[in-house]
Each structure stands twice: as structure tokens, then as C-alpha cells.
Protein chains: 2
Amino acid sequence: MIVSRTTIFVRRRGSRTNSALVKAPSRQLSHARPRPPDEWDFNRRVSFICRRDLNRTLEELQMKIQLGAQNCLYPMPTTLVGATVEGKPNFVTIAHVGIMDLGSVSLGMAKAHYTNAGIKESRTFSINLPSTDMVKETDYCGLVSGKRVDKAQLFHVFYGNLKTAPLVAECPISMECKLIKVVDFPKHDVFIGEIVTTYADDAVLTDGAVDYGKVRPLLFTMVDQSYWMLGKRFAKAWSIGKELKGNKSTEAVGK
Amino acid sequence: MIVSRTTIFVRRRGSRTNSALVKAPSRQLSHARPRPPDEWDFNRRVSFICRRDLNRTLEELQMKIQLGAQNCLYPMPTTLVGATVEGKPNFVTIAHVGIMDLGSVSLGMAKAHYTNAGIKESRTFSINLPSTDMVKETDYCGLVSGKRVDKAQLFHVFYGNLKTAPLVAECPISMECKLIKVVDFPKHDVFIGEIVTTYADDAVLTDGAVDYGKVRPLLFTMVDQSYWMLGKRFAKAWSIGKELKGNKSTEAVGK
């Protein structure tokens, strides 16, 4: 049994198949009363095809640790967001980004950022993907405010079709975006933008298409406040899963 | 000069500092008239501190290729999104995800997905992070519809505090979410959810915190429809950029 400040699943004594939810003292949930034991949905457990591939034992699967309401949707690509603020180009480091649909992206930006007012005013912004060798400049843009420091001095700045979204020439990929919506959160503005034009260095293209192995994007995780490299490409999407198609264990049970 | 179907920047003949925008035949922009030459903002170009670190020549920086309005905000973590649909657990593969603020996430899901109705009805969903060794099962969940196939058969399914968001035991990280908003796009529902509880395998924790090197998330890029591994952690955020702090070339120019 794992001893921690979190609620944990442990194997129920004397049981081979069921587990119970047992609550240990938790900082996050300290005001909550202990929950009654809770069953996993083992009725739905059938012999399933991925067991041997995943090579994990049932005991491992039964042990889950609750971490409270922790956002674990990482790693995320780290970006340099550009905007014209008080008439000047400014850049801020944002990794809380997202894809809405194929042509639209989101930026979750704390309201305290200097850049937010510029995005609202010009209704344009840029998203630049720095490569791993720009880690110092990128991190620096998240450490200091454009109120005090002219961060555009760090880069070659250029403008594209929108004219008001400054782009970073050193970044291998840059996108100009038009603001289409702001979703209001208590402490954040979420800017949703439509991508208007994308600029790439020839050096990161393979047969005319962006090759992320060459882009070497800077990936971010919050829990350890770290930057990571991209590893190797190892499988094709909408393809490798076909090996399971037509398998009686999966498709025969369909409705 | 690069010959491609895209619009390209080339170095202007006889010029050492300016570049012009020259348009080559483009599939994406085939109906547009050729644009007039466009200047980069070279007025803002100053000798800057990162040049030697980035080790890139001005000529390289001047060469940018326009890719049209291509979304290049990748790689993104691939997730298995769980929801109760028509009374049964279902899972769909979604990599168009995002972080709104620290406690909220987004899912950009094509309206054609079977799962969308379930999320709207129960107003709950789960986000599960598969590891690279689940690539076949994960990809499979993006290939077949829950209308036809019972994808829950692939996994051990369990339920947490919300009771209606099915979670995948095989995934090292799972988050239960409460739907707080749907942002409507022409062909997509963007579901914004508040994270309620996060479950982790003990095996992916280091000193009680999630270690993405152990999670081995499945990263996705659209352009080549590929899955990638996470590489190595190599720098600390809100830290490595401090090396540039106090440098006269940057901070002295601040307003």
C-alpha cells in the first residue's frame, strides 16, 4: 500500500478481482469526508486483446493514485506569442495553447500579461515555434515583462499579411492569426485565433512539408517546470491501429 | 531560390539587407493575384545577443516559405477521451486538445464524432493519456466509430468521483472533467472542461509527482499524420532564461 497525502486505490484484502477506494489524508481534499469504498467497473472487464501488448499486470492497473484536480495535459509546445502593444512589437512565452479546429488555435494567457491588451486592440497576434536551441531566449521572454524590457531586441522581427502581428524570424515556424473570440476565465483571457498565414524556414521542410524532427520544438511540462526535446517518430496515425481491425475480440462485440 | 508550389521570400537581387516577397504558383492561393513585393521590418533589426547562440546566418533568416494558412501548432499530446454515450462507455482518440487555464482543458472534436452527444448529455468526460506502448489501441479508437464497435472492450474501464466519465485503467494518467462550456465552430464542438480529479499510476511518479519521462506520452503531428515519442528533459523553465537577465543588450533598451 502506498502511503502518501493522496487518496489511493488499494487492492481489497482477500479479493482477487475488486479494488476499493481508500482515502488517505489529503491536503487538497482535507475538508471532504472519507468516501465509502467504490467498486471499479469490473463487470465490463473481458479478456481483451491489448493485455499482452501492454504487458502490465492486473495488480498494476488496480493501483491508481489520486492527485487532486491536477492538470496533466502535457507536454505542450512552447510558443513565443507576438503582438503589437502600445505601438511596439512584444513577445511572451506561452505553452498553454490549444487546437480548436484545423484552422483555429487558442492561447490561455493570464490577465496579468502585458501582451493581452495588445491582442485585444489590434485583434491580431502571432504564434512562433522556437526550436530547442532558442531555449534561453524563449524562457527569458517568460521571465520579464514587456512593460519594462523591449524583448523585440532579442530577435529579427518581420511582418506578414496582417501587418500588425510581429513574427520572429529566428523561429523555424511562425503563424499569423486573426483574433476571432476571447473566452473569459477568472484569471485568464483565452484568445481564439484563426490562422491566416504560416511561415517556415526551408531548413525544416522535407519534400515541402514541415518536418518536426527538423523543427525541434520546445516542449513544456508544468509539474517539473521543464523543457523537453521531441523524440523519434515511430508510428503512422490512422494506420497502425488497423492491425486491430477485424479482430473478433473487438469488432464482434459491437452493437 | 526555392522552387515550390508555395509563396516564398527570396533575397532581392543586388540587395544585402532587404528581401522581397515573390509568389510562385500555389495550390492554396491559386485564385489570389500575385502580391506586390513586401519589405521585412528591417528597421527593427539591431545587433542582438542571441545571434551567436542560434548560429544562424542572416541569409537563412531571410528565407521564409509561406505555407498558406497551415496549422503548425504541433506536436500535441494524443488522448483517449471517454464519455458515456447511450448508456455505455465509449472512447475516441483526440489530439486537438488545449489548456485554457491551469484547471481547464479543451477538446476540439469534429461534430461527426459519436462521442459528442454523450459529452453534451452527461456533461462529463475523461481525458486519458496513453503511453507509447498503447499506440495500436489508441490509433484504433480513432479509426472506428463507437456507433459500430464497443471500444470499451479494449480496456479496463473504471469510474471515479463523477460516476459518468469512464476512465481507462491502462492509461498511466487519467483526468475526470466536468463540462463547463461548448464553443461552437462550423464543423467542430470545442468542449471546455474543468478537471475534477486526476488519477495516475504509481509507476509514472517520481517523488509523488508525475514524471513525463515515465508516462511516455504519445505525441501527434498532423502534417505527416504521425506519432512521436517524447525526448529528453534538458532545461528548467522560468530559470534557464535568467542567464540573459541583466544583459545590457536586452534590458538596457527597455522603456
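Residues numbered from 1 in each chain as written. Chains lettered and ligands numbered in written order. Predicted model: local features only at pLDDT ≥ 70, side-chain atom pairs only at ≥ 80, totals over all residues. Heavy atoms only, no water.

A. Geometry of the pattern of salt bridges. Tallied over the full model, the rule gives 14 salt bridges over all chains. A:D224 is the partner of B:R233 in a salt bridge, and the nearest nitrogen-oxygen pair spans 2.3 Å. In this pair, B:R233 is assigned in strand 17 (residues 226-236) and A:D224 in the loop between strand 16 (219-221) and strand 17 (226-236), connecting two distinct chains. Judged by relative accessible area, B:R233 falls into the partly exposed class, the value being 37%. On the basis of relative accessibility, which here comes to 14%, the residue A:D224 falls in the buried class. Between B:R216 and B:D133 there is a salt bridge, and its shortest N-O distance comes to 3.7 Å. In this pair, B:R216 sits in the loop between helix 5 (212-215) and strand 16 (219-221) while B:D133 sits in the loop between strand 9 (124-129) and helix 4 (135-143), placing the two residues 83 residues apart along the sequence. For B:R216, a relative accessible area of 37% gives the class partly exposed. Taken together, the salt bridges that share partners define one network made up of A:D211, A:R233 and B:D224. (Salt bridge = Lys/Arg side-chain N within 4 Å of Asp/Glu carboxyl O. Helix = DSSP H or I, 4+ residues; strand = E, 2+ residues; numbered from the N terminus. Buried < 20%, exposed > 50% of the residue type's maximum accessible area, 1.4 Å probe, protein only.)

B. Examining the relation of the copies chain B and chain A more closely. For the pair chain B and chain A, the superposition axis carries a translation of 0.0 Å, the fit reaches an RMSD of 0.0 Å, and the rotation angle comes to 180°. Viewed as a symmetry operation, the transformation between the two copies matches a two-fold axis. Residue by residue, 100% of the interface of chain B is reproduced at the interface of chain A, so both copies engage with the same surface. (Least-squares fit on C-alpha atoms with pLDDT ≥ 70 in both. Contact = heavy atoms within 4.5 Å.)

C. Structural context of the pairing of strand 12 (residues 173-184) of chain B. Residues and elements named next belong to chain B. With 6 bridges connecting them, strand 9 and strand 12 associate as antiparallel partners. Paired with L129 across the bridge in strand 12 is I173. Two successive antiparallel strands, strand 12 and strand 13 (residues 188-201), enclose a turn made up of 3 residues. (Pairing = 2+ DSSP bridges.)

D. Geometry of the layout of surface pockets. Its volume calculated, the largest pocket comes out at about 470 Å³. Lining the largest pocket we find 28 residues, and of these A:W238, B:T93, B:I94, B:H96 and B:H113 sit closest to its centre. Elements that contribute at least two residues to the lining of the largest pocket include exactly strand 6 (88-94), strand 8 (104-110) and helix 4 of chain B. The biggest single contributor to the lining of the largest pocket is helix 4 of chain B, with 4 residues. For the lining of the largest pocket, a count of residues per class yields 16 nonpolar, 10 polar and 2 charged. (1 Å grid on protein atoms, 1.4 Å probe; cavity = no way out; pocket = protein on both sides within 12 Å on 5 of 7 lines; lining within 4 Å. Points joined across faces, edges and corners; volume = space filled by probe spheres on them. Nonpolar A, V, L, I, M, F, W, Y, C, P; charged D, E, K, R; others polar.)

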